[in-house]
Amino acid sequence: AEVVGTEGVFAALVGLAAVLAGLTLREPALPPAFPVEPGDLRRIATDRRVYGGMWLIAFPGLAFGVINVLGPLRFDELGVGVGAIAAVFLIAAGAEAAISPLAGRLSDRHGPMAPMRFGLAAAMLLLAALTLPDEALLLAAGIVLIGPTLGTLWAPALSLVSDVLESRSLDPALGYGLSNLSWAAGAALGASGGASLADATTDAVPYLVVASLAALTLAAALRGRDRALVRTSTAH
């Protein structure tokens, strides 16, 4: 946008979307793996695990939405150029992508809750810490670290949704749809709501709100584990 203008960037994205849509139309249609019934969404809606998985997908979108708006503006206030800002977010995105396979393996070995609890605890601290830096290097370090931290939530979240679909013999495509819907809703709310809240107060307020949501989610996850342990002990 700095080089070619905002219009050029959005025009390029529209063109890319058109090319991808054209390539998709050339792919042969595949028969559904499972028969899709009109009541499938109602069946999913009765399982609370789906809402937990959707929230764990929406939460990183919410956090990234806040950071993606407020971070570059804060960098600009600190005198950082667009190239350096882009580099910071590129590194954070790469670190987020790199951590996902590791989080997936941890989820397979120890259950989806283990990496999720670690990610939520670390995200809570890092989001709160983003309210402190007055130096560009510290802000860059915080954003780079929070990328892989939030990335640890993807695997357990998808695992929760997939388990529900599998247990109910539903098409996995519904899981992809719910995941995309959750991410988009979180990202949109984080970007618009975070910007509006920061404009009305300070940048620290939306960061602390998202950090509080991480803390509440972590508390709910820990309470769920305690209940599971009590049920297991009672059964034995």
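Everything numeric here is computed off the predicted structure, so don't read it as measured data. (Residues numbered from 1 in each chain as written. Predicted model: local features only at pLDDT ≥ 70, side-chain atom pairs only at ≥ 80, totals over all residues. Heavy atoms only, no water.)

### Thoughts on the side chain of Glu-96
Logical step 1: Along the chain, Glu-96 turns up in helix H4 (residues 82-110).
Logical step 2: Buried Glu-96, no salt bridge; nearest opposite-charge side chain is Arg-105, N-O distance 16 Å.
Logical step 3: Excluding residues that lie within four positions of it along the chain, Glu-96 makes contacts with Phe-64, Gly-147, Pro-148, Gly-151 and Trp-154. (Helix = DSSP H or I, 4+ residues; strand = E, 2+ residues; numbered from the N terminus. Buried < 20%, exposed > 50% of the residue type's maximum accessible area, 1.4 Å probe, protein only. Lys, Arg positive; Asp, Glu negative; His and termini not counted. Salt bridge = Lys/Arg side-chain N within 4 Å of Asp/Glu carboxyl O. Contact = heavy atoms within 4.5 Å.)

### Overview of the confidence of the model for the protein chain
Atomic detail in the predicted coordinates should be set aside for any region of low pLDDT.
Logical step 1: On average, residues of the protein chain carry a pLDDT of 87, and 92% of them reach 70 or more.
Logical step 2: Here helix H9 (residues 204-235) stands out as the least confident element of the protein chain, with mean pLDDT 75; helix H1 (residues 6-25) is the most confident, with 95. (pLDDT = per-residue confidence, 0-100.)

### Quick word on the packing of aromatic side chains
Logical step 1: Tallying each qualifying case throughout the model produces three aromatic pairs.
Logical step 2: Three or more aromatic residues link up through ring pairs in this structure, and these residues are Phe-64, Trp-154 and Trp-183. (Phe/Tyr/Trp six-rings, centres within 6.5 Å; stacked < 30°, edge-to-face > 60°.)

### Brief notes about the nonpolar core
In a soluble, globular protein the nonpolar side chains are often hidden away together inside.
Logical step 1: Core analysis: the largest hydrophobic core is formed by 36 residues, its most contacted members being Phe-59, Ile-67, Phe-75, Leu-127, Leu-130, Ile-143 and Leu-150.
Logical step 2: If you list the elements that add at least two residues to this core, you get helix H3 (48-77), H4, helix H5 (113-129), helix H6 (136-151), helix H7 (154-167) and H9.
Logical step 3: It is H3 that provides the largest number of residues to this core, a total of nine residues.
Logical step 4: Leave out the neighbours within four places in its chain, and Leu-150 touches Phe-59, Pro-60, Ala-63, Phe-64 and Ala-123.
Logical step 5: Of all hydrophobic cores here, the second largest spans nine residues; its members include Ile-44, Val-50, Met-54 and Leu-178. (Core = buried A, V, L, I, M, F, W, Y, C linked by side-chain atoms within 4.5 Å.)

### Some thoughts on the environment of Leu-178
Logical step 1: Tracing the backbone through its elements, the reader meets Leu-178 in helix H8 (residues 173-200).
Logical step 2: The exposure class assigned to Leu-178 is buried, which follows from its relative accessible area of 13%.
Logical step 3: Measuring from C-alpha to C-alpha, the distance between Leu-178 and Ala-121 comes to 25 Å, with 57 residues separating the pair along the chain.
Logical step 4: Here Leu-178 is in contact with Ile-44, Val-50 and Met-54, once residues within four sequence places are set aside.

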